[in-house]
Amino acid sequence: MDCLFCKIVNKEIPAQIVFEDERVIAFNDINPQAPHHVLVIPKKHIATTNEISDEDTALVGRMHQAAAEIADSLGFAQDGYRSVLNCNTHGGQTVYHIHLHLLGGKPLGWPPYTEKLKQPL
Ligand code: 5GP
Ligand code: ZN
């Protein structure tokens with residue numbers, strides 16, 4: 001399968017890995033959007049959050065738990081952070097292997113988009 005993040009899981013392409021266990025791996029985003037920007041991914045290939053099956057629910061929970069552990073180990077858990085999962089085109093997904101963006105190290109703006117809404121909600 002030609003999947004960028006599966007290649008990182010298999011160590012076929014390099015990444016700055018900050019955490020790894022049997023089920024998940026986490027590495028620094030190549031284009032960071034905050035002082036800390038880590039991607040937490042399952043080792044199992046799941047293309048989008050629409051494909052999360054019943055057997056994956058604990059795995060997705062582990063992604064969130066690992067993100068909290070990484071935030072703690074990097075020293076920003078108490079100040080806080082944001083975790084984001086983008087899905088498909090409207091969500092801005094560009095890599096089709098689910099990944100939790102862990103963003104921290106500064107106060108983050110909300111809402112996260114910068115483009116003005118062209119139409120009312
Ligand atoms: P998405 O837009 O799919 O939610 O997020 C994909 C993320 O993967 C982006 O933030 C992008 O910077 C990051 N990314 C893309 N290619 C690579 C890569 O080869 N290595 C790393 N470490 N991050 C990548
Ligand atoms: Zn994959």
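Anything mentioned here points back to the structure above.
Counting restarts for each chain, with residues numbered from 1 along the sequence as it is written. Chains and ligands are labelled sequentially in the order written, the chains with letters from A and the ligands with numbers from 1. For this predicted model, a pLDDT threshold of at least 70 governs which residues receive local features, and a threshold of 80 or more governs which side-chain atom pairs are given and counted, while totals over whole chains, interfaces and linings are taken from all residues. No hydrogens and no water enter the side-chain calculation; it runs on all heavy atoms of the structure.

## Let's talk about unusual backbone geometry
Link 1 in the chain: Cis rather than trans, the peptide bond between Trp110 and Pro111 has omega equal to 5 degrees.
Link 2 in the chain: With respect to the helices and strands, Pro111 occurs in the segment after β5 (100-104).
Link 3 in the chain: Its identity as a non-glycine residue notwithstanding, Lys11 has a phi of 60 degrees, on the positive side.
Link 4 in the chain: Only DSSP runs of H or I with at least four residues qualify as helices, and only runs of E with at least two residues qualify as strands; both kinds are numbered from the N terminus onward. Turning to its location among the elements, Lys11 is positioned in the loop between α1 (4-9) and β1 (17-20).
Link 5 in the chain: For each residue, the accessible area found with a 1.4 Å probe, counting protein chains only, is set against the maximum for its type, and the residue is called buried under 20%, exposed over 50%, and partly exposed in between. Relative accessible area serves as the criterion here: at 48%, Lys11 is assigned to the partly exposed category.
Link 6 in the chain: Phi is positive for Asn88, which is not a glycine, with a value near 60 degrees.
Link 7 in the chain: Relative to the assigned elements, Asn88 resides in helix α3 (residues 88-91).
Link 8 in the chain: Looking at Asn88, the relative accessible area reads 29%, which means it is partly exposed.

## What to know about the nonpolar core
Link 1 in the chain: Buried Ala, Val, Leu, Ile, Met, Phe, Trp, Tyr and Cys residues that are joined via side-chain atoms within 4.5 Å together make up what is termed a nonpolar core. Grouped together as the largest cluster of nonpolar side chains are 17 residues, with contacts concentrated most on Val40, Met63, Ile70 and Leu102.
Link 2 in the chain: Counting only elements with at least two residues in this core, the list comes to β2 (24-28), β3 (36-42), α2 (57-73) and β5.
Link 3 in the chain: Ignoring sequence-local partners within four residues, the contact set of Leu102 consists of His36, His37, Val38, Ala67, Ile70, Ala71, Phe76, Tyr81 and Arg82.
Link 4 in the chain: In this structure, Phe5, Cys6, Ile41 and Val95 belong to the second largest nonpolar core, which totals ten residues. When checking whether two residues touch, look at their non-hydrogen atoms; a contact exists if any pair is within 4.5 Å.

## Digging into the coordination of the zinc ion (ligand 2)
Link 1 in the chain: Every protein donor of the zinc ion (ligand 2) is listed here as Cys3 (SG), Cys6 (SG), His45 (ND1) and His97 (ND1), and their distances to the metal cover 2.0 to 2.3 Å.
Link 2 in the chain: The rule for donors is simple: N, O or S, within 2.8 Å of the metal, or within 3.2 Å if the metal is Na, K or Ca. Water isn't counted, so a site may look like it is missing partners. Sites are called tetrahedral only when four donors show all angles between 85 and 135 degrees, square planar or octahedral only when four or six donors show opposite pairs over 155 degrees and all other angles between 65 and 115, and irregular in any remaining case. One way to put it: the four donor atoms around the zinc ion (ligand 2) meet at angles of 106 to 115 degrees, and that makes the site tetrahedral.
Link 3 in the chain: When the donors of the zinc ion (ligand 2) are listed by position in the chain, the intervening gaps give C-x2-C-x38-H-x51-H. Placement of His45 in the loop between β3 and α2 and of His97 in the loop between α3 and β5 is noted, with a sequence separation of 52 residues between them.
Link 4 in the chain: Residue classification places His45 among the partly exposed positions, given a relative accessible area of 27%.

## Section: the site of ligand 1
Link 1 in the chain: Put simply, a residue is near a molecule or strand once any heavy atom of it comes within 4 Å of that molecule or strand. The environment of ligand 1 is formed by 15 residues, the closest being Asp29, Asn86, Gly92, Thr94 and His101.
Link 2 in the chain: Within the side chain of Asp29, an N or O atom sits 2.5 Å from an oxygen atom of ligand 1.
Link 3 in the chain: As used in this structure description, the phrase polar contact means that two N or O atoms lie within 3.5 Å; if the pair is within protein, one of them must be able to donate a hydrogen and the other to accept it, and residues adjacent in sequence are counted only when both atoms belong to side chains. Within the contact set of ligand 1, an oxygen atom lies 2.8 Å away from a side-chain nitrogen or oxygen of Asn86.
Link 4 in the chain: In this analysis, the protein atoms alone were mapped onto a 1 Å grid. Cavities are point sets where a 1.4 Å probe fits without being able to get out; pockets are open sets with protein on both sides within 12 Å along at least five of seven lines; lining residues have an atom within 4 Å of a point. More than half of a molecule's atoms lying within 2 Å of a cavity's or pocket's grid points is what places that molecule inside it. Among the detected pockets, ligand 1 sits in the largest pocket.
Link 5 in the chain: Mapped by element, the contributors of at least two residues to the shell around ligand 1 are α1 and β2.
Link 6 in the chain: Asp, Glu, Lys and Arg are counted as charged, while Ala, Val, Leu, Ile, Met, Phe, Trp, Tyr, Cys and Pro are counted as nonpolar; the rest, among them Gly, fall into the polar class. Across the shell around ligand 1, the residue classes break down as six nonpolar, eight polar and one charged.

## Things to note about the layout of surface pockets
Link 1 in the chain: Grid points are joined across faces, edges and corners, and a volume is the space filled by probe spheres set on the points. Each pocket or cavity is described by its volume, and for the largest pocket that value is around 890 Å³.
Link 2 in the chain: In terms of lining, the largest pocket is formed by 31 residues, of which the most central are Asp29, Asn31, Gln33, His37 and His101.
Link 3 in the chain: Ranked by residue count, the leading element in the lining of the largest pocket is α1, at three residues.
Link 4 in the chain: Looking at the lining of the largest pocket residue by residue, the class counts come to 16 nonpolar, 13 polar and two charged.

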